[in-house]
Every structure is written in C-alpha cells, then in structure tokens.
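# Working through the structure, step by step
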Amino acid sequence: MVPIFFAYFALVSIVAGLLTVSLRNPVHCGIALLALLGHVAGLFVLLHAEFVAVVQIIIYAGAILILYLFVLMLLNLKTEERYFHRRHAWYITGVGALTVELLMVLLASRFSGAKGPATVAAVEEIGNSTAIGILMFSDYLLPFEIVGVFLLGAIVGAIVLAKTPSPADLSGDER
Amino acid sequence: MTIVSTADLLAILPELLVMAGGCLVLVLDPLTAKDRKDWLAYFSLAVLGAAFVVGYWFMGALTGSPRPAFSGLYVLDAYGAFWKLLLILVSGLVILLAKAHLKLEEIDLPEFYAFILLSLSGMMVMVSGTDLLVIYLGLELMSLSLYVMAGFKRYAPRSLEAAAKYFILGSFSSGILLYGISLLFGRTGSTTLAGIRDGIAGLPPGDPILLMAMGLLVVGFGFKVAAVPFHMWTPDVYEGSPTSVTAYMAVASKAASFAAFLRVFLEALGGIKESWRMLLVAVCIATMVLGNVVAIVQTNIKRMLAYSSIAHAGYALIGLVVADAAGTASVMLYLAIYAFMNLGAFAVVTMLRRGGLEGDEIDDFTGLARRNKWAALVMLLFMFSLAGIPPTAGFIAKFYIFMAAVGANMTGLAVIAVVFAAISAYFYLRVVMVMYMKEPGETAGTPGYDVRVVASPAAIAVLLVAALGVLILGVFPDPLIQAAQSAILPLK
C-alpha cells in the first residue's frame, strides 16, 4: 500500500511542480503550487512525520500561498502573462534529456540510504512533536537561534528596501 | 540530549558580540539625533574591535586543539579563528569606507552598519560550523544581508537590478546547495561533517548519489565564490551595487565562502577527493581563463574588478584542488592578501567622482596622476599587487599558490595559472597607463574631464591600512604565512 501512495504523491508533486513554473496564468500557478504543497505534505505523512506535514499545510499552503496570491492580486500581471518563447521548446528538450539521464544513473544505484538515530519506532515512542521540540531546543538550539537572527534581518531588509526614498534622498542624481 | 552550557556560549562569544551589536545598531538608530548618526558607525567599529580581541585570544589559545561545541554542530578551532579575524578586519575597513561613501551617494542609512554586522555574523557561523545545516544557515544570513545592501541605492535602477538579480540567482543556488545536502544526508544519515565522512567511508567508491550530491555542493559553493560557470551574476551585481558593498562582497563573502568550501570538501568529502578534484580542476581552469580574458575588454572599472575577482577565485581554487596542508595554507594566505589589495582598489573607486556621479569608468582614471598623485600612487600599488608583481603582496600570494600546485605534482595547472596571471597584467597595467601616461581631459566629453578625488579621513585610513598591508606583506610576509600554516585544517 505504501509504495502506491508514495508513487501517487511523488508523481503528482512533480507534475504540479512543473505546472507551477510552466503555466501562464499566475493564479493557475498558485493553484498548482497548492497541489504541490499538499502532496509533499502527503509524503511527510508516509514518512511518519505527521507534525511536519501539518506544519507544511498550515504555514505553506495556509499562509505563504495566500501571501503570494495577495501579491499577484496587487501586481495585476494581466498584460505580461501570455507570451511563449519558441526557444523554450529547446530548453525543455535539453533539460528533459538531462533529467532522464540523471534518473537512469540514480535508479541504477542502491536506494537504501543510511538510517539516522531517529527511526520511526524511536520517534513514535516519545511522540512526533515532542521529539522535534526537544531536539530543536537542545542539540539544534544553535541553528534555531541563527534562524531567529536571519528572520530579523529579512524583516528589517524588507523595510529598508520598501521604504520609499523621501524627496530629500532624491535631490541627488538620478541613475 | 544536551542543554547549552557556558562553554558553548563562550565558544560563540565573538559571534554573539557581533549579532548583539547588529541588533543594538537597529535599536539605537531611532534614538540618535540626525547629525550624530556617525556614532553608530563608531559603535559598530567598537563592537568589531571587541570581537577581534576575543577572536585573537581564541586563535592563540586554540592552535592544534579544536574544541567542539553545541553537540558537534560547531567547532572552535584555529582555522575558524583565522578566518574570523580576517573577516572582522575587512568588515571594519568596509564600515570606515562606507561612512564616507554612503554620504557621497546620499544613501546614508544607519541600517547599513547593522547589515554589515549581521552579514559578518553569518560569515563567522559559516567558517566555524561543522554541520551542513549550520553552514547553510550562516551562508543564508550572509547572503540575505548582501541582497539588501546591494539594493541600498533605491533611487538607482542599476542597484535595484543588482539586488533582484543577486537575490533570485542566490536563492536558486541555495536551493541547489540544499538539494546536495539532502542527498548527502539521505546517503550517509548525518548532516555533521564528521558523520558524513564516516558514512562515506562505508560506501562503495563512485556511488552515483554521492557523486551527484558532491556535484550539487560544487554548484552551490561555486556560485558563492563566483567560479565559472556559476559566475554570471558577478559583473552585473558588482557594477550595480554601491561600491562599498561591492568591496564587501568581493572580499568578505568570497573569503567566507572559500573557508566553508574548504572545510566541507576536506573534512566531509575527503574520502572522495579524487572525484571532486577532477571536477574542480575543470572549474578552476575555466574560471582563470574566462575571468582574465573577459576582463581585458571591460571599460567600467567595477566590471573589470568583477572579472578580476572571478579570476582570483580561479587562482584560489588551485589551493583547494591541491587539497593538502600547503594548499589549505596557500588559500588562506591568498584570500588574506587579496582582501587588502582588492579592498584598496575599490576604496580608490569610491573616492573618485565625475561631476555628481561616481567615477567608475576606466576613462575617469585618465591623468589621475596630475590631479591627485597620492590616489594614483596607491591605485598603482593595488594594480601591481593584483597583477602579482613583486615586491607587492600579490606576488607572495600567487607564489605560494603556484608552489603548492607544483609541490602536489600539478605543474600543468601551475603553468596555466602563470600564463593567465601574465595576461591579467595587461588590464591591470592599462589602468596604470591611463593614470600616468595620459593628460586629463580639459573640455567636456574628453576622458578624465571633471573628475575629482573626494578624500575623507576615514577613506584615507582605509587606503593607508590596505596600502601598508600590501607593502608590508609583500616584503615581510612571514607572520601571515606562519599564522596560516598554524591554522590549517587537520587533514584526515
């Protein structure tokens, strides 16, 4: 049963991912992205990472995607959305050939990756979110704090770049 | 499960100082009066000074005895301390340079200093992380701050273009790097460098997933150090960004990326050295060829220095390809010396004004020796050093890199590098030629018309440090060589 579900989630994720970047209407792209995020969450469930799956749905599908749609709405891309470069056909052929070759190489190799200490049984014993919480605030405290600083930088950076220059700033040369 | 100990916090003391300093600058900014914003620059410099002292103390105490911290995700070692000292020094010089330059460009925002400090803290995390997750986060923190700083001239479309381009391509390369990390994790069951090394030891040689992961890591790091064919962003971003930011990108972000590149490839992927060596030799030769040849036809000095920085990444890659003690030490030496000469060259560009604009065309250097003999003299020094002409430090840097290649039986690579170093002399000396052998234009439209040098005390201090560094290290490089050799990674 698990391989069938895996094949379904994986294939639909790939197709949805391709549609996200190839569809012309930005809203359709958004919907395809939603499908992608939902199916990746399915993959997490198959891996017994239920907490990550739920976080994926709430944060990515729930918050970030909505933000994307807001931006699309504000930008109103209508005039620029419909064009097709004939050259793209060549790119797609090239990338497709490369992908097939990579797949052939990868499929020829052994699939059994190494197992870390956090096996399904070990995680089930203390519970999904407990395990993540404990690790995040003990062994992985440093990366967690760095992410905090990173997000601070991102917020301040967004403000600095979005702040409209005041007329005084514009008195100089225009380049 | 381990909870954080005092020893762990002590281990990241320099990083904590810099991060806290960055946050404090943001808090103090609205509290300082408009005409006292300079104090924030001095405050940042004081923070850097404190971090430097702590880092120096670590460097002395640590030679030969690395101390792991944060349950193996971080290490306190002489290698990291060496890079941290270099990066702190560079950041201090860039802050001094920016203090004068931002006013000239009318983008005098104190957030700039905060971003330099945040970016520096990312770099410091990067050079000391021993877990791919931590290294990746450090790299992102560094890059994010650089994306913002690249777009600081918000009124200039060029600057915004640079920021957008750098951001989009940078996030794409981060994605590729992450993909490589996830494949490595899947294959070896660990993200720590030591765990990956042990995992690789148990795998058959030529494992396809491992090779693919290695290739993806080369792409990710290759982008950050601007190696060909991942260099496309460099000229546009270097040209569009404010010049003091360009200097920071070209020097500090390249040095930090090289530090992490070396650590990841030598410590984690040392077991498949033969496979990545072949790939990197190709990248290295392509980088030297393209960087040096394309730099010849540039007319904008910032674009020329961008291609020159690509070429220098190529020379430094030789040290990584060699992958032994001499190679590691020569990369450290190379980037330390490169920091002085490149920062100096960019500092001269920030001081040159054509009318109300920045004088960033090579033509603007026409007859500079007649207008300001000191500016022309230091530019001559930096150009000689970048070309690798003795007795400047650039010669020492190239000499040790090439000797490392010869010592590892890679004479062919060394010969190619020497040939392209000779070619590079053409475009460096062209700047010297227009400065000294041409008269400045007196009427509008002629090269060098209406160019003046705006010298501020801070910029002069930067030039002085850079010029003295280039001269002293050129004649008396022993202390730096000793420091680099005592701080190399223990090779396994």
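The structure presented is a predicted model; accordingly, all values stated were derived computationally and were not measured.

### A word on the overall build of chain A
Per the secondary structure count, chain A includes 8 helices and 0 strands. Mapped in sequence order, the helices and strands of chain A form the string α-α-α-α-α-α-α-α. Burial status across chain A gives 22% buried among its 175 residues. Within chain A, residue pairs in contact and separated by at least 24 positions form 60% of the contacts whose partners lie at least 6 positions apart.

### Some points on the domain arrangement of chain A
Residue and element names in this part refer to chain A. Per the domain assignment, the segments making up chain A are domain 1 (1–76) and domain 2 (121–163). Counting each side, the surface lost to burial between domain 1 and domain 2 is near 330 Å², with a carbon and sulfur contribution of 59%. Summed over the three residues of domain 1 that lose the most area to domain 2, namely His-48, Glu-50 and Phe-51, the buried surface amounts to 87% of that side. Between domain 1 and domain 2 we count 0 salt bridges in total. If you look at where domain 1 meets domain 2, you find 2 residue pairs in polar contact (both at pLDDT 80 or more). Looking at the side of domain 1 that touches domain 2 residue by residue, the class counts come to 3 nonpolar, 1 polar and 1 charged.

### Description of a nonpolar patch on the surface
Residue and element names in this part refer to chain A. Taken together, the side chains of Val-27, Ile-31, Ile-66, Leu-69, Phe-70 and Met-73 make up a nonpolar region of the molecular surface, amounting to roughly 550 Å² of accessible area. Going through the elements one at a time, α2 (26–46) and α3 (50–75) are the ones with two or more residues in the nonpolar patch. At 4 residues, α3 tops the list of elements feeding residues into the nonpolar patch. Inspection of the secondary structure assignment puts Leu-69 in helix α3. Taking the relative accessible area as the measure of exposure, Leu-69 reaches 31% and is therefore partly exposed.

### Some details on the confidence of the model for chain A
Residue and element names in this part refer to chain A. Predicted confidence across chain A gives a mean pLDDT of 82, with 83% of residues reaching 70 or more. Confidence scores differ between elements of chain A, with helix α8 (residues 167–170) showing the lowest mean pLDDT of 52 and helix α7 (residues 141–162) the highest of 92. Counted against residues more than four places away or in other chains, residues 171–175, with its pLDDT under 50, gives 13 contacts.

### Points about helix α4 (residues 78–105) of chain B
In an α-helix, one turn spans 3.6 residues, which is why side chains three or four residues apart end up on the same side. Residue and element names in this part refer to chain B. Helix length check: α4 (28 residues) gives 39 Å between terminal C-alpha atoms against 40 Å at 1.5 Å per residue, within 8%. Of all the bends in α4, the largest measures some 35° and sits at Ala-98. The element α4 is extensively covered by neighbouring structure, given that 25 of its 28 residues are classed as buried. Phi turns positive one or two residues past the end of α4, at Glu-106, with a value near 60°.

### Looking at the packing of aromatic side chains
In total, this model carries 23 aromatic pairs over all chains according to the counting rule given. Between Phe137(A) and Phe144(A) the ring centres are 4.8 Å apart and the planes differ by 65°, which places this aromatic pair in the edge-to-face class. Judged by centre distance (5.1 Å) and plane angle (90°), the ring pair of Tyr147(B) and Tyr166(B) falls under edge-to-face. Here Tyr147(B) is found in helix α6 (residues 132–150), whereas its partner Tyr166(B) is found in helix α7 (residues 157–188), with 19 residues between them in sequence. Both residues of the pair, Tyr147(B) and Tyr166(B), count as buried. By way of ring pairs, the aromatic residues Tyr147(B), Tyr166(B), Phe167(B), Phe223(B), Trp233(B) and Tyr238(B) are connected into one cluster.

### Quick look at empty space enclosed by the protein
Residue and element names in this part refer to chain B. All chains considered together, the criterion is met by 4 cavities of 30 Å³ or more. Considered as a void within the structure, the largest cavity measures approximately 50 Å³ in volume. If you trace the largest cavity, you find it lined by Pro-14, Gly-55, Phe-58, Leu-62, Leu-76, Asp-77, Gly-80, Ala-81, Lys-84 and Ser-128. Listing elements by their share of the lining of the largest cavity, those giving two or more residues are α3 (38–62) and α4. Of the residues contributing to the lining of the largest cavity, the split by class is 5 nonpolar, 3 polar and 2 charged.

### Observations regarding the interface of chain B and chain A
The parts lose accessible area when they come together, and the size of an interface is often stated as this lost area. Contact with chain B, which involves 46 residues of that partner, is made by 39 residues of chain A. The tally of links between chain B and chain A comes to 1 salt bridge. Put simply, Lys163(A) and Glu111(B) hold a salt bridge, and the shortest N to O gap is 4.0 Å. If you look at where chain B meets chain A, you find 3 residue pairs in polar contact (both at pLDDT 80 or more). At the level of elements, α2 (13–28), α5 (111–128), α6, α7, α9 (208–225) and β4 (357–358) of chain B are the ones that each hand at least two residues to the side of chain B that touches chain A.

### Looking at the pattern of salt bridges
All names here are of chain B. Taken as a whole, this structure holds 20 salt bridges over all chains when the rule is applied. Here Asp-77 makes a salt bridge to Arg-263, at a shortest N to O gap of 3.2 Å. On the criterion of sequence distance, the pair formed by Asp-77 in the loop between β2 (74–76) and α4 and Arg-263 in helix α11 (residues 243–268) is long-range, its members being 186 residues apart. The two residues Asp-77 and Arg-263 agree in class, both being buried. Three or more residues joined by partner-sharing salt bridges are found here, namely Arg-158, Glu-161, Lys-165, Asp-236, Glu-239 and Arg-303.

About the cut-offs
- Residues numbered from 1 in each chain as written.
- Chains lettered and ligands numbered in written order.
- Predicted model: local features only at pLDDT ≥ 70, side-chain atom pairs only at ≥ 80, totals over all residues.
- Heavy atoms only, no water.
- Helix = DSSP H or I, 4+ residues; strand = E, 2+ residues; numbered from the N terminus.
- Buried < 20%, exposed > 50% of the residue type's maximum accessible area, 1.4 Å probe, protein only.
- Contact = heavy atoms within 4.5 Å.
- Domains from an automatic or database assignment.
- Buried area = accessible area lost by both parts, 1.4 Å probe.
- Salt bridge = Lys/Arg side-chain N within 4 Å of Asp/Glu carboxyl O.
- Polar contact = N/O pair within 3.5 Å; in protein donor to acceptor, adjacent residues only side chain to side chain.
- Nonpolar A, V, L, I, M, F, W, Y, C, P; charged D, E, K, R; others polar.
- Patch = residues over 30% accessible without salt bridge, like charges linked within 9 Å, V, L, I, M, F, W, Y side chains within 5 Å.
- Areas by Shrake-Rupley, 256 points an atom, 1.4 Å probe, with all protein chains shown as cover.
- pLDDT = per-residue confidence, 0-100.
- Expected span 1.5 Å × (residues − 1).
- Bend = angle between axes of the 7 residues up to and from the residue.
- Phe/Tyr/Trp six-rings, centres within 6.5 Å; stacked < 30°, edge-to-face > 60°.
- 1 Å grid on protein atoms, 1.4 Å probe; cavity = no way out; pocket = protein on both sides within 12 Å on 5 of 7 lines; lining within 4 Å.
- Points joined across faces, edges and corners; volume = space filled by probe spheres on them.

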